[in-house]
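Residue strings, one per chain:
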Amino acid sequence: MRQSQLFTKTRREAPKEEVSTNAKLLIRAGYINKEMAGVYSFLPLGLRVRDKIAGIIREEMNSVGGVELEMTALQNQELYEKTGRWSDDVVDNWFKTKLKSGTELGLGFTHEEMITEMLKNHISSYKDLPVYAYQIQTKFRNEERAKSGLMRGREFLMKDLYSFNDNQESLDDFYDQMKGAYERIFERVGLGDLTYITYASGGTFSKYSHEYQTLSEAGEDTIYVSEEKKLAINKEVLTEETLSELGVKKEDLVEKKAIEVGNIFKLGTKFSSALGLIYTDEQGEKQPVVMGSYGIGLGRLMGTVAEVLSDDKGLIWPKSIAPFTLHIVSLGIKDSEAYKVAEELYKHCGEKGLEVFFDDRDIAAGEKFADADLLGMPYRVVVSDKTLKEGKFELKERKSGEVKMVNLSELLAIVK
Ligand code: ATP
Ligand code: MG
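First things first, this report covers the structure right here in the doc. (Residues numbered from 1 in each chain as written. Chains lettered and ligands numbered in written order. Predicted model: local features only at pLDDT ≥ 70, side-chain atom pairs only at ≥ 80, totals over all residues. Heavy atoms only, no water.)

1. A short note on helix α12 (residues 408-415)
Part 1: Those residues of α12 that fall on the buried side of the exposure criterion are Leu 411, Leu 412 and Val 415. Across the axial projection of α12, the buried residues extend over an arc of 95 degrees, all falling on one side. With respect to the buried face of α12, the exposed residues turned more than 90 degrees away are Ser 409 and Ala 413.
Part 2: Next to the buried residues of α12 lie β17 (326-330), α9 (337-351), β19 (379-383), β20 (393-397) and β21 (403-406). (Buried < 20%, exposed > 50% of the residue type's maximum accessible area, 1.4 Å probe, protein only. Helix = DSSP H or I, 4+ residues; strand = E, 2+ residues; numbered from the N terminus. Arc of directions from axis to C-beta. Contact = heavy atoms within 4.5 Å.)

2. Looking at the layout of surface pockets
Part 1: Roughly 380 Å³ of volume is contained in the second largest pocket.
Part 2: Lining the second largest pocket are 22 residues, and of these Thr 10, Arg 11, Arg 361, Glu 367 and Asp 371 lie nearest its centre.
Part 3: Broken down by element, the residue count for the lining of the second largest pocket peaks at six residues, all from helix α10 (residues 365-375).
Part 4: Grouping the amino acids of the lining of the second largest pocket by side-chain chemistry returns eight nonpolar, four polar and ten charged. (1 Å grid on protein atoms, 1.4 Å probe; cavity = no way out; pocket = protein on both sides within 12 Å on 5 of 7 lines; lining within 4 Å. Points joined across faces, edges and corners; volume = space filled by probe spheres on them. Nonpolar A, V, L, I, M, F, W, Y, C, P; charged D, E, K, R; others polar.)

3. Quick word on the pattern of salt bridges
Part 1: Taken as a whole and assessed by the stated rule, the structure comprises 28 salt bridges.
Part 2: Close ionic contact of Lys 34 with Glu 18 constitutes a salt bridge, the shortest N to O distance being 3.2 Å. Here Glu 18 lies in the segment before α1 (21-28) and Lys 34 lies in strand β1 (residues 32-36), a separation of 16 residues in the sequence.
Part 3: Judged by its relative accessible area of 23%, Lys 34 is partly exposed.
Part 4: Using a relative accessible area of 4% as the deciding quantity, one classes Glu 18 as buried.
Part 5: Note that Lys 207 and Glu 241 form a salt bridge whose closest N and O atoms lie 2.3 Å from each other. Taken together, the residues Lys 207 in the loop between β9 (195-201) and β10 (208-215) and Glu 241 in helix α6 (residues 240-246) connect sequence positions 34 residues apart.
Part 6: One continuous salt-bridge network, built from bridges that share partners, spans Glu 59, Glu 60, Arg 184 and Arg 188. (Salt bridge = Lys/Arg side-chain N within 4 Å of Asp/Glu carboxyl O.)

4. Points about the pairing of β19
Part 1: Of all five residues making up β19, five are buried, and the element is well covered by its neighbours.
Part 2: Of the two faces of β19, both are covered, the one formed by Tyr 379, Val 381 and Val 383 as well as the one formed by Arg 380 and Val 382.
Part 3: As paired strands, β19 and β20 are joined by four bridges and run antiparallel to one another. Following the sheet pairing, Val 382 is matched in β20 by Glu 394. (Pairing = 2+ DSSP bridges.)

5. With respect to the sheet that holds strand β5 (residues 95-98)
Note: strands within a sheet are paired through backbone hydrogen bonds, in either parallel or antiparallel orientation.
Part 1: Read from one edge to the other, the open sheet built from three strands follows the order β4-β6-β5, with strand pairing classed as antiparallel. At either margin of the open sheet sits one strand with a lone partner, and together these are β4 (74-76) and β5. Averaged over all adjacent pairs, the angle separating strand axes in this sheet is 45 degrees, with direction ignored.
Part 2: Here β4 runs beside strand β6 (residues 104-107); their pairing, made up of three bridges, is antiparallel. Pairing of Asn 76 across the sheet is with Leu 105, part of β6. (Axes fitted to C-alpha atoms, helices over the stretch in contact; angles between N-to-C directions.)

Below you can see the structure in the form of structure tokens.
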């Protein structure tokens, strides 16, 4: 993409009311636009990042047998009455609306009820199990505080997978496979080193659920990290009993602030019993299906990367989710030699399958450099009269700041 085609402008200052680092940087860089508190549009560069995150999540969900579908945002009151989750006293972040007839509807904050009801049309025998279905869909939550940018939105994209098994053992087995998939996702988006599987409260059907918590001062959660075991315990379940079950000592744990980027839950038969998702087992007995649910917030994940991998100059995207891998900055005006070489390089890299962003604008060099740092592509290459004289390109790695003079084949080898 040519930068001159992009309508978004970078800004020196973020809106005054934005307090979080992720919102400030992403707005300044033109990745997102704030529509109102907790509601953000994804602009072209931001959408590219979120799509890449979605791509990684999709690959990992498919790798454990997930199949993708898409359910609706409009949801039925009756279903939620059956599980006791319609009342605003029980669920305090509902957005609700009405049909012209007066019938109330909910805007989905989650989809357990809907998918359980839907699968009654498709599951009747043990032969129909297991089912692992997921979607990447917008959720609506009337969050009380929405001051953390993408971290806590009122409208946000979530990947939610629901597992349907014939018994507890096969759920447990799948649950462990999902732990592997989650680890790979956080590793691939660049948060592996900072993200800990965290024991949290489990609800009715299992003692613990697991959260994936990324260390950050911007986080809302307090967790206790065991570096040695590469796990953490959420403050809410930090008891003598939990410590002894996990074989850790309180004095070996370090208290940290963290962002919950994902979580996984064993739901047991809570929803299948309430809604009547029943199958016939091999002995001909009727049994409720055993369920689990597995969420990741894509916006929150993107906000977390912006939060923890940035510096005072701007964003620093890992290659895996950067909008473009290479940012070519031409320091010549149109039709100059430097511009022509930069354009040739842009076309050549594109043909080699690289994702390239070409700063072809006719503005001051300093402004181009500041923008490149703010936008945060992993590599920046400068083409100027000076680099032409040397017969090389000036390549800078955003993360380390390391600058090298390279020829074309060296450049391709490094950036690929
Ligand atoms: P939290 O504890 O942060 O309120 P939650 O436990 O309610 O989140 P789930 O309902 O399990 O979260 O949602 C799954 C994932 O969706 C979370 O792990 C998080 O990554 C993301 N998520 C939840 N709420 C929001 C939100 N308001 N904005 C953005 N992402 C969210
Ligand atoms: Mg939570």
